[in-house]
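# Overview (structure and organization)
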Amino acid sequence: MAKVAAKKNPKAKVYFTVKDSVKVVQNRSGSKANKRVKFLVDTLVKHMHAFVKEARPTMDEWMYGINYLTRTGRLSTDWRQEFILLSDVLGISMLVETLNHDKISGETESTVLGPFYIANAPQYPNGVNICLDGKGEPVYVHGKVTNSKGKIIKGAKLDVWQANEDGFYDVQQKGIQPDMNLRGVFTSDEKGRYSFRSAYPRYYPIPYDGSVGDMLKALDRNPNRPAHLHFMVSALGYEKLVTHIFTPDCPWLKDDAVFGVKESLIADFKLIDDPRRAADLGMPNPFREVEWNVVLSKA
Ligand code: BEZ
Ligand code: FE
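Residues numbered from 1 in each chain as written. Chains lettered and ligands numbered in written order. Predicted model: local features only at pLDDT ≥ 70, side-chain atom pairs only at ≥ 80, totals over all residues. Heavy atoms only, no water.

Throughout the structure, instances matching the rule amount to 14 salt bridges. Where D166 meets K135, a salt bridge forms, and the shortest distance between an N and an O atom there is 2.5 Å. In this pair, D166 sits in the loop between strand 2 (157-161) and strand 3 (183-187) while K135 sits in the loop between helix 6 (92-100) and strand 1 (138-147), placing the two residues 31 residues apart along the sequence. Using a relative accessible area of 35% as the deciding quantity, one classes D166 as partly exposed. Residue K135 is classed as partly exposed on the basis of its relative accessible area of 35%. A single salt-bridge network, built from bridges that share partners, covers K13, K19 and D20. (Salt bridge = Lys/Arg side-chain N within 4 Å of Asp/Glu carboxyl O. Helix = DSSP H or I, 4+ residues; strand = E, 2+ residues; numbered from the N terminus. Buried < 20%, exposed > 50% of the residue type's maximum accessible area, 1.4 Å probe, protein only.)

Looking now at the coordination of the iron ion (ligand 2). Taken together, Y169 (OH), Y204 (OH), H228 (NE2) and H230 (NE2) make up the protein donors of the iron ion (ligand 2), found 1.9 to 2.2 Å from the metal. Coordination geometry of the iron ion (ligand 2): the 6 donor atoms subtend angles of 54 to 167° at the metal centre, consistent with an arrangement described as irregular. Ordering the donors of the iron ion (ligand 2) by residue number gives the pattern Y-x34-Y-x23-H-x1-H. Of the two residues, Y169 is situated in the loop between strand 2 and strand 3 and Y204 in strand 5 (residues 204-205); the sequence distance between them amounts to 35 residues. Y204 carries the same exposure label as Y169, and that label is buried. (Donors = N, O, S within 2.8 Å, 3.2 Å for Na, K, Ca; no water. Tetrahedral: all angles 85-135°; square planar, octahedral: opposite > 155°, others 65-115°.)

Rendered as C-alpha cells:
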C-alpha cells in the first residue's frame, strides 16, 4: 500500500486546489513507485494540468474529448490504428522518432513507419520489378549501404513498400491490386549495392473517415502525404533505420499531414531519356532513376 505524502511529510499538499493540483497528484505515488513510470506520469500530469489551466475547456468540451478518445480507441483494430494516426497528425510520432534517432555523423535520417508496413514481404534478388500492377511511370532505384565512415555494409536487408499510381497500398485494396504489389526485401551485395525497379510514387490521403479525419476537417487541414517510397533497412551491428524518400516535385511536400518530410530525404528522381541505358538496365525508355545511398548508425 502506498504511504500518502502527508505521512512522510506533514507539510506536503494533500487537498486539491487549482494552484497545487500538480503537486497533489504527484505526491500520491508511494515509495515503491517505478521511477521511470513516475517520471513519465508526473511529467504528463504537469503538462496536462497546464493545458487545462490555459485552455479552460468547458464541461461539454471535456466530455467531447473523452468521447473522441473513446471513439479513437474503438476504431483501432488489428488492421487500423487510429491512435497512432492521431499521434502522427499531432506531430508526436515524428517528435518521438526524431528525438530517439539523433543523427550526428551524416547517417540517413529517419521518419515515421506508418500503418502500411507488413513484415513478410517477398525477398527478391537485386534488380527485380516490384510493380505488379504495371501502373505508373517506371523507376529504377539503386544505391549502396555504408556506415558513417563510408565502410560498405554487405548483407543489409532493405525492406521497401509504397502506394500505387492510384494512391493506395496493396493492403487497402485486397482483390483490386495484386497481393504484395510494390513491396519487397532486397539484400545489399558484396559491394554494399542494392537495386530494384518500381513505379514513380504518388501522393495519397491518410485514412480520414474516422476521428482523426474529423479533426483534420475541423482544423481545415490537408489529409495528404507527399509522394514517397518507404525503406526499412537493417544490418547486423547497426541500428534499424525506418525512413522514406520523397519525390522532389510533389505539391504536398511542404504540407505533409503527418510532418514526415525532412529536407535530406527529398531525393533526385532523374528523368532519363537514353535508349541504351534503358536497355542496359532492362527499363523502358524514358524512365526515372534515383540513386539513394543509405548510411546506417552503429547499434
Ligand atoms: C504512411 O506513409 O504510410 C503513413 C504514415 C503515417 C500515417 C499514415 C500513413
Ligand atoms: Fe506511406
